[in-house]
Number of protein chains: 2
Amino acid sequence: MRTGLLIIGSEILSGRTQDKNLETLATVLREKGMVIDKVVIIKDEIATIVENMRHLMQEFEWTFCSGGLGPTRDDMTKEALCQLTGVSLQENQQAEDLARRHYQRYGRTWSKETNSYHLIPKGIIPLENPAGLAPGLFLTKNNRQLYCLPGVPREFNQMLIQTVLPLVERHPSFQRTAIEYLTLRTYGVPEEKIFFQLCPTLWDDLEKYGEVSSLPHTVGVDIIIKLKQGLRPNEIEQTVKQLPSLAPLLSHIWQWGALSFHHYLVELCRQKNIKLAVAESCTGGLVAHKITMVPGASQIFLGAVVSYSNEIKKDILEVNPKTLQTHGAVSVEVASEMANNIRQHFKSDFALATTGIAGPEGGTTQKPVGLICIAIAGPDSSVITSTYNMKGDREQLKERFSDRALLDLILRINK
Amino acid sequence: MRTGLLIIGSEILSGRTQDKNLETLATVLREKGMVIDKVVIIKDEIATIVENMRHLMQEFEWTFCSGGLGPTRDDMTKEALCQLTGVSLQENQQAEDLARRHYQRYGRTWSKETNSYHLIPKGIIPLENPAGLAPGLFLTKNNRQLYCLPGVPREFNQMLIQTVLPLVERHPSFQRTAIEYLTLRTYGVPEEKIFFQLCPTLWDDLEKYGEVSSLPHTVGVDIIIKLKQGLRPNEIEQTVKQLPSLAPLLSHIWQWGALSFHHYLVELCRQKNIKLAVAESCTGGLVAHKITMVPGASQIFLGAVVSYSNEIKKDILEVNPKTLQTHGAVSVEVASEMANNIRQHFKSDFALATTGIAGPEGGTTQKPVGLICIAIAGPDSSVITSTYNMKGDREQLKERFSDRALLDLILRINK
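Residues numbered from 1 in each chain as written. Chains lettered and ligands numbered in written order. Predicted model: local features only at pLDDT ≥ 70, side-chain atom pairs only at ≥ 80, totals over all residues.

S.K.: Please give an account of the overall build of chain A that cites residues and values.
M.R.: Across its full length, chain A holds 15 helices and 17 strands. For chain A, the spread of C-alpha atoms along the principal axes amounts to about 75 × 55 × 40 Å. Out of the 415 residues in chain A, the part that is buried amounts to 49%. (Helix = DSSP H or I, 4+ residues; strand = E, 2+ residues; numbered from the N terminus. Buried ≥ 20, exposed ≤ 12 C-beta atoms within 10 Å, placed from the backbone.)

Here you go:
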């Protein structure tokens, strides 16, 4: 079953809004053994919508569509469906019932004067929206399916899971054949060095198990094998670990799996009953934000101090003013004191500290933009520090700094 | 000049990696008066790449392509260009020089044994990569342009700005006609209420000035007018402000402009010489992260305490244990003390505090998931608090909580 996704939204094409529905759809479908084969993003323009709907429905058995269902004039999906199928809008009792129900949920009353949610192209089936007001729309024609969902990510997500997925699973051509991946997350070796110097025959060896891809990340390279049908990740992992061609890379693999640094770290701390605290300067709260993205993070995370001024470093984190004066705020010495003091202050097992220069201003020849000092204080009161020079703009550097800090903490805990 | 973007990357279709190059390209092109008309995302599969390159080059004068230029076997853009143009790879002196130069920049030596960066499809022009190793590729044919850039966001960005844009601007059909927008950012009124109750004739009135769109956001609705050629945002803003049909919405507009909450806040504080501190519970560092995303944030932001446990609230933020016991951690009383204490402790002008329930666990009937209490302490030592009930999963709630807190602070400072 080949699948396409049509994203309608001038605001996404203009770069002002980032699409989130592709990720949602891909993640949900993967668990059902489906992949998205193609995504097309177009503007809110009736002729363009009709044309692209038509093409996608020709090319794919399943087409999902996001956006253009709201009540305002820039919402054109209904009109596009009319033109696509050559019908006009008509009153639909089911849609009327849905609209009434959706409004009741928010304590409001819908009537035909509120908007035209009760008007639906002839032959289209309205779909319940568990998280918003506008009904979804479903067209099935010549054994092709078109599901139109709202563009608002929360509504897309809920309608997909609660309303659309059960319909997909009930379809006769739906076959559940879960797609399995084996992911090796590495660090410290560039992509080219891995495949052309360290492990020149690795790619060939891995291809026996499925489709291989290599993905440079913030602070490392992920090697991903989309496994051939019937192969199990756990079993293949054991086999792959024994490959002579992988041996030189083994010490650079920090995870056999696809978890993010923060998800992996929270899970690791939970297993080992470790409590964490963080002192952030250049990462400005991003390390804490990442950790607290993980459900249940409160079991292992005590908190953080974001010290964006030297005063806070001195007053709250009690960094010795002399250390600041002698070595500067961006130094392993200051990072060390930050980690040590917050660990004692917050009574955590481990503490992580970052100080660096995220730019665009503030760099010098000795301490350029992209420099970061990381310190980790552990239960034995020892502190290990490291320094990295990274590249990127402010946003990218904050990402890399945070991921590298999380990775260093993972490596330290796993040591 | 119509423009398409082809994104090659199975990892993006699989939802494991979020594309960033669309936003980069759209932002850079907008300043040159160009918009992206269509984006197509496809997997690393040679036939699919060739087919979609061909279609996009038929449909659009300018096609940009991201991904597939690296040295590993899943990088197929070069091979696709061979098939598209019916030629084979051949040694290219310019590409060889570029490869040598790119490697030198990183203190490494390139040779023909390193990889095949010196092999280029006949008729294709290699492009300098200012931030990586792989050269870009440029095809011009029948007055159609195809620019192939690396998928890694930092490399895409740098090559676009430094190498590709000068080529685009030099092209005879390039005309600089900047695209101007007028954006009204509102809060507190749902989209439907704006256009069907409060301001029923507003859309018609705004359409006189350009293409109107309405965009529900984390905590409000943005109304965006893509202005007709020659109209200036400043002048239209003055005219639109006088529209009788807009009058009922005026008090709900917090910004005439398109800045994010955090960019707006940092700019506001800079202008008014205000220093900020933040105490975060449920937002877990996201408020601090957002503020420190803004270049120059250190001028106005002193720092934050992320208190993810009651102990930190008591020990570091000195919240009265009785307040915690009587009202619970998620209460305006606790938020109040958090804001007050961090303001005094950090010696800031304003302080913002958040405490709430981001879920998925931890909700009760009285205090459900989605509840947030926000407190703002100001220079006159007064504290204002507010409580909201929001919807979404953990990630969405953290976003909404943070944006609402930033908005409340903006409104308080602007009062």
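S.K.: Pulling in residues and values, what's your account of the domain arrangement of chain A?
M.R.: As assigned here, chain A comprises domain 1 (3-170), domain 2 (181-256) and domain 3 (261-414). Summarising the inter-unit geometry, the C-alpha centres of domain 1 of chain A and domain 2 of chain A are found 39 Å apart. (Domains from an automatic or database assignment.)

S.K.: Which residues make up the packing of helix H11 (residues 286-293) of chain B against helix H15 (residues 394-414) of chain B, and what values go with them?
M.R.: Each pair of packed helices can be described by the angle between their axes along with the distance between the axes. Residue and element names in this part refer to chain B. The contact between H11 and H15 brings their axes to 9 Å, and the two run at 65 degrees. The chirality of how H11 crosses H15 is right-handed. Residues Leu286, Val287 and Lys290 of H11 touch H15, and the partners they reach there are Lys398, Ser402, Ala405 and Leu406. Residue classes in the contact of H11 with H15 are distributed as four nonpolar, one polar and two charged. (Axes fitted to C-alpha atoms, helices over the stretch in contact; angles between N-to-C directions. Left-handed = near helix turned anticlockwise from the far one by under 90°. Contact = placed C-beta atoms within 7 Å. Nonpolar A, V, L, I, M, F, W, Y, C, P; charged D, E, K, R; others polar.)

S.K.: So, the interface of chain A and chain B: which residues are in play, and what are the values?
M.R.: Taken together, the contacts link 71 residues of chain A with 71 residues of chain B. Of the pairings in the sheet, the one linking strand S2 (residues 38-42) of chain A to strand S2 (residues 38-42) of chain B comprises five bridges and is antiparallel in character. Of the residues in S2 of chain B, the one forming a bridge with Ile41 of chain A is Val39 of chain B. (Pairing = 2+ DSSP bridges.)

S.K.: Tell me about the sheet that holds strand S9 (residues 181-186) of chain A, and please be specific about residues and values.
M.R.: Residues and elements named next belong to chain A. Sheet architecture is open: four strands sit in the order S10-S11-S9-S12, paired in antiparallel fashion. Lying at the two open borders of the sheet, with one neighbouring strand each, are strand S10 (210-217) and strand S12 (253-256). Taken pair by pair, the neighbouring strands of this sheet meet at an average axis angle of 15 degrees, ignoring direction. Two strands pair when backbone bridges link them, and S10 and strand S11 (residues 220-227) are joined in this way by eight bridges, in the antiparallel orientation. Looking across to S11, one finds that Ser213 is bridged to Ile224.

S.K.: Which residues make up helix H10 (residues 261-272) of chain A, and what are the values?
M.R.: Residue and element names in this part refer to chain A. End to end, H10 covers 16 Å across twelve residues, agreeing with the expected 16 Å (1.5 Å per residue, within 8%). The complete set of buried residues in H10 reads Phe261, His262, Tyr264, Leu265, Val266 and Cys269. Residues of H10 that are buried sit in contact with S12, strand S13 (276-280), helix H11 (286-293) and helix H15 (394-414). Of the residues flanking the end of H10, it is Asn273, one or two places downstream, whose phi is positive at about 55 degrees. (Expected span 1.5 Å × (residues − 1).)

S.K.: Lay out the relation of the copies chain A and chain B with the relevant residues and their values.
M.R.: Between chain A and chain B, which share one sequence, the superposing operator has a rotation angle of 180 degrees and an axial displacement of 0.0 Å; the RMSD is 0.0 Å. With respect to symmetry, the two chain copies, as superposed, fit the operation of a two-fold axis. (Least-squares fit on C-alpha atoms with pLDDT ≥ 70 in both.)

S.K.: Which residues make up unusual backbone geometry, and what values go with them?
M.R.: Residue Gly359 of chain A is joined to Pro360 of chain A through a cis peptide bond whose omega torsion reads 0 degrees. Tracing the chain through its elements places Pro360 of chain A in the loop between strand S15 (350-356) and strand S16 (371-377). Its identity is not glycine, yet Glu318 of chain B carries a phi of approximately 55 degrees, on the positive side. The topology assignment puts Glu318 of chain B in the loop between helix H12 (310-315) and helix H13 (321-327).

S.K.: Go over helix H6 (residues 153-170) of chain A with me, naming the residues and quoting the values.
M.R.: Residues and elements named next belong to chain A. A rise of 1.5 Å per residue sets the reference length of H6, with its 18 residues, at 26 Å; its end C-alpha atoms lie 24 Å apart and thus fit the reference within 8%. Maximal helix bending in H6 amounts to about 45 degrees, located at Val164; proline Pro166 follows within four positions. Residues of H6 that are buried make contact with helix H2 (21-30), strand S3 (62-66), strand S6 (125-127), strand S7 (136-141) and strand S8 (144-149). (Bend = angle between axes of the 7 residues up to and from the residue.)

S.K.: Explain the nonpolar core residue by residue, including any values.
M.R.: Counting 114 residues, the largest nonpolar core has Ala339 of chain A together with Ala339 of chain B as its most contacted members. Other than its neighbours up to four places away in sequence, Ala339 of chain A contacts Ala279, Ala351, Leu352, Ala353, Ala375, Ile376, Ala377 and Val383 of chain A. The next biggest cluster of nonpolar side chains, apart from the first, holds 100 residues, and it includes Leu22 and Ala26 of chain A together with Leu81 and Leu98 of chain B. (Core = buried A, V, L, I, M, F, W, Y, C linked by C-beta atoms within 7 Å.)

S.K.: Report on the sheet that holds strand S9 (residues 181-186) of chain B, specifying residues and quantitative values.
M.R.: Residues and elements named next belong to chain B. One open sheet holds the four strands; their spatial order is S10-S11-S9-S12, and the pairing between them is antiparallel. In this open sheet, the two edge strands, each paired with only one partner strand, are strand S10 (210-217) and strand S12 (253-256). In this sheet, neighbouring strand axes are inclined to one another by 15 degrees on average, regardless of whether the strands run parallel or antiparallel.

S.K.: Outline the pairing of S7 of chain A, supporting the account with residue identities and numerical values.
M.R.: Residue and element names in this part refer to chain A. Two elements, S6 and S7, share three bridges in a ladder whose sense is antiparallel. Residue pairing in the sheet places Pro126 in a bridge with Leu137 of S7. By the bridge criterion, five bridges tie S7 to S8 in an arrangement that is antiparallel. Residue pairing across strands places Leu137 opposite Cys148, the latter belonging to S8. Between S7 and S8, which follow one another and run antiparallel, lie two residues, and Asn142 among them has a positive phi close to 50 degrees.

S.K.: Got a sec to walk through the environment of Cys199 of chain A? Specific residues and values, please.
M.R.: When you line up the elements, Cys199 of chain A lands in the loop between helix H7 (191-198) and helix H8 (202-207). Look past the residues within four positions of Cys199 of chain A in its chain and what remains in contact with it is Ile194, Ser245, Leu246, Pro248 and Leu249 of chain A.

S.K.: Go over the pairing of strand S17 (residues 383-389) of chain A with me, naming the residues and quoting the values.
M.R.: All names here are of chain A. Across seven bridges, S16 lies against S17 in antiparallel orientation. Within the sheet, the bridge partner assigned to Ile372 lies in S17 and is Tyr388. Counted between consecutive antiparallel strands, the loop separating S16 from S17 contains five residues, among which Ser381 sits at a positive phi close to 70 degrees.

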